[in-house]
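# Structural overview
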Amino acid sequence: MSDRTLTEAPAAPASSRHVDAGDEGYSKDLKSRHINMIAIGGAIGTGLFLGAGGRLADAGPSLAIAYAVCGVFAFFVVRALGELVLYRPSSGAFVSYAREFMGEKGAYTAGWLYFLNWSTTTVADITAAATYAHFWSLFTDVPQWVLAFIALAIVLTANLISVKYFGEMEFWFSLVKVAALVIFLIVGIWLVATSHEIGGHTPGLSTVTDNGGIFPSGMLPMLLVIQGVVFAYASVELCGVAAGETENPEKIMPKAINSIMWRVGLFYVGSVVLLALLLPYTAYSSDQSPFVTVFDKLGVPGAAGVMNLVVLTAALSSLNSGLYSTGRILRSMALSGSAPKFTGVMNKGKVPYGGVLFTAAFGVAGVGLNYFMPEDAFEIVLNFASLGILGTWGMVMLCSLFFWRRAQEGRLERPAYQLPWAPYTQIVTLAFLLAVLVLMWCDGGVGRTTVMFVPLIGAALVAGWFLVRGRVAELATSRR
């Protein structure tokens, strides 16, 4: 049925009539505590625990502003996705919604951009895990690529068993991250309040004012680090994917999504503000977690090692989430014909292991990157992951915009849980995402090189569509 026919004869408001084959066959084993912790884990990842060090060194205390701004737009994205989830829960998430509102081409584009995001993020996570492991003398002489491979193997094994194992692993990973950040916030506030010396430096507001202020190198560095800050929020959409494998998402999802905003303010912005008050921004570096830097200089026996273990957990948590979500997205695509058939296959544990293994294969390629370019691996994949994130968030907001338009036409009803200020929120967010792409170009170096790959990625998507469109049309006909 054409869009023209639909607009001429609007249907009465109703819940979704769209049926996605990719939603069938899953167990509903994720509980409320899993979803809540997955939402937390999605808002606290490698981008904060490792990436904040290098970005603090570049932008200084103004990094807190960048985190706050990006956090607002991340909340808009996940709130838009939450509205779509309550309209129709789906393990295919935004790929399934793109299929409903934008057709198979939209679903194909959304899915492969999401795969670009997580396949490269997988490489970033195993690189981060290997970098953290080198903190301990036991692993200093172990090549980075070996440690990266071990990290991938451990998380992959757990992910293939069942969604219960994923949920439990992510629950405890997230609990460790939250507990560590709460402890850091308490210790950090005490250190600032008591002016306790850290590595020969007295923390406090003077740490900022005596070292160039909030913008020690001007506003430009703060703007240029925004694409890396966007990467820090890369997993916020994960709770939308997980909604397809939980009972009563209409009760669980609003609470989980709404809590993301205060978590962003407390954990991201609060942590960066404290880091800036505790040590001069020049004390931080890209090759060590800023939290480890603080505890290392504090001189508390074993504290830096414990914090390093926590940030290692954060990397493994992100890796765990990436394998989980791409497995579900690829299955939704495979059953519509836009991804390889084997990525739609499920095992006895009701895990789409074909898609999980396909993503892990790119992780193995990342092991090779760690072999040949151990120093630059994280920065390279972070920029490519940022492209995938911008594309994914853009598709979520486009789906939300089309959804809002259909509701205005009376063809469906929006749930009570809605994205506020639509359609202006979607438009402003899309403009922000485009601005981030421009900033990546302005940054030069790896960022500009990454943006230069956008036409090639577009060409690859077009070529891929011509390869799969016959099968997509055939499967669509058989479903009708």
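Above this text is the structure in question.
## Digging into unusual backbone geometry
Residue Pro-423 follows Ala-422 across a cis peptide bond; omega there is 5 degrees. For Pro-423, the location among the structural elements is in the loop between helix H17 (377–408) and helix H18 (424–442). The phi dihedral of Ser-195 is positive, around 55 degrees, even though this residue is not glycine. For Ser-195, the location among the structural elements is in the loop between helix H8 (163–194) and helix H9 (206–209).

## Overview of the environment of Ala-68
In this fold, Ala-68 is placed in helix H5 (residues 63–87). The partly exposed category is assigned to Ala-68, whose relative accessible area is 32%. For the pair Ala-68 and Met-261, spaced 193 residues apart in the sequence, the C-alpha separation amounts to 9.8 Å.

## Topic: the nonpolar core
Of all hydrophobic cores here, the largest spans 151 residues; its most connected members are Tyr-67 and Tyr-233. With near-sequence residues (within four places) excluded, Tyr-233 lies in contact with Tyr-67, Cys-70, Gly-71, Ala-74, Val-264, Tyr-268 and Trp-393.

## Section: a nonpolar patch on the surface
Together, Ile-65, Val-69, Ile-214, Phe-215 and Met-219 line one region of the surface with nonpolar side chains, adding up to about 400 Å² of accessible area. Here Phe-215 is to be found in the loop between H9 and helix H10 (220–224).

## Things to note about the pattern of salt bridges
In this structure the tally under the stated criterion is 4 salt bridges. With a shortest N-O distance of 2.6 Å, Arg-414 and Glu-83 are connected by a salt bridge. One end of the pair, Arg-414, is in the loop between H17 and H18; the other, Glu-83, is in helix H5, with 331 residues separating them in the sequence. Of the charged contacts in the structure, one is a salt bridge between Arg-88 and Glu-100, with a shortest N-O distance of 3.0 Å. Of this pair, Arg-88 sits in the loop between H5 and helix H6 (93–133) while Glu-100 sits in helix H6, and the two are 12 residues apart along the sequence. Among the residues examined, Arg-88 registers a relative accessible area of 7% and is labelled buried.

## Brief notes about the packing of helix H13 (residues 249–278) against helix H14 (residues 290–298)
One can describe the packing of H13 onto H14 by two numbers: an axis separation of 11 Å at closest approach and a directional angle of 35 degrees. Handedness of the crossing formed by H13 with H14: left-handed. Together, Ser-271, Leu-275 and Leu-278 of H13 and Pro-290, Phe-291 and Val-294 of H14 make up the contact between the two elements. A class-by-class count of the residues in the contact of H13 with H14 yields 5 nonpolar, 1 polar and no charged.

## Quick word on the packing of H6 against helix H7 (residues 144–161)
One way to put it is that H6 packs onto H7 with a least axis distance of 8 Å and a crossing angle of 120 degrees. Considering the angle they form, H6 stands oblique to H7. The element H6 and its partner H7 pack so that their crossing is right-handed. Where H6 approaches H7, its residues Thr-122, Ile-126, Thr-127, Ala-129, Ala-130, Thr-131 and Ala-133 are matched on the opposing element by Gln-144, Leu-147, Ala-148, Ala-151 and Leu-152.

Rules behind the numbers
- Residues numbered from 1 in each chain as written.
- Predicted model: local features only at pLDDT ≥ 70, side-chain atom pairs only at ≥ 80, totals over all residues.
- Heavy atoms only, no water.
- Helix = DSSP H or I, 4+ residues; strand = E, 2+ residues; numbered from the N terminus.
- Buried < 20%, exposed > 50% of the residue type's maximum accessible area, 1.4 Å probe, protein only.
- Core = buried A, V, L, I, M, F, W, Y, C linked by side-chain atoms within 4.5 Å.
- Contact = heavy atoms within 4.5 Å.
- Patch = residues over 30% accessible without salt bridge, like charges linked within 9 Å, V, L, I, M, F, W, Y side chains within 5 Å.
- Areas by Shrake-Rupley, 256 points an atom, 1.4 Å probe, with all protein chains shown as cover.
- Salt bridge = Lys/Arg side-chain N within 4 Å of Asp/Glu carboxyl O.
- Axes fitted to C-alpha atoms, helices over the stretch in contact; angles between N-to-C directions.
- Left-handed = near helix turned anticlockwise from the far one by under 90°.
- Nonpolar A, V, L, I, M, F, W, Y, C, P; charged D, E, K, R; others polar.
- Parallel < 35°, antiparallel > 145°, perpendicular 65-115°, else oblique.

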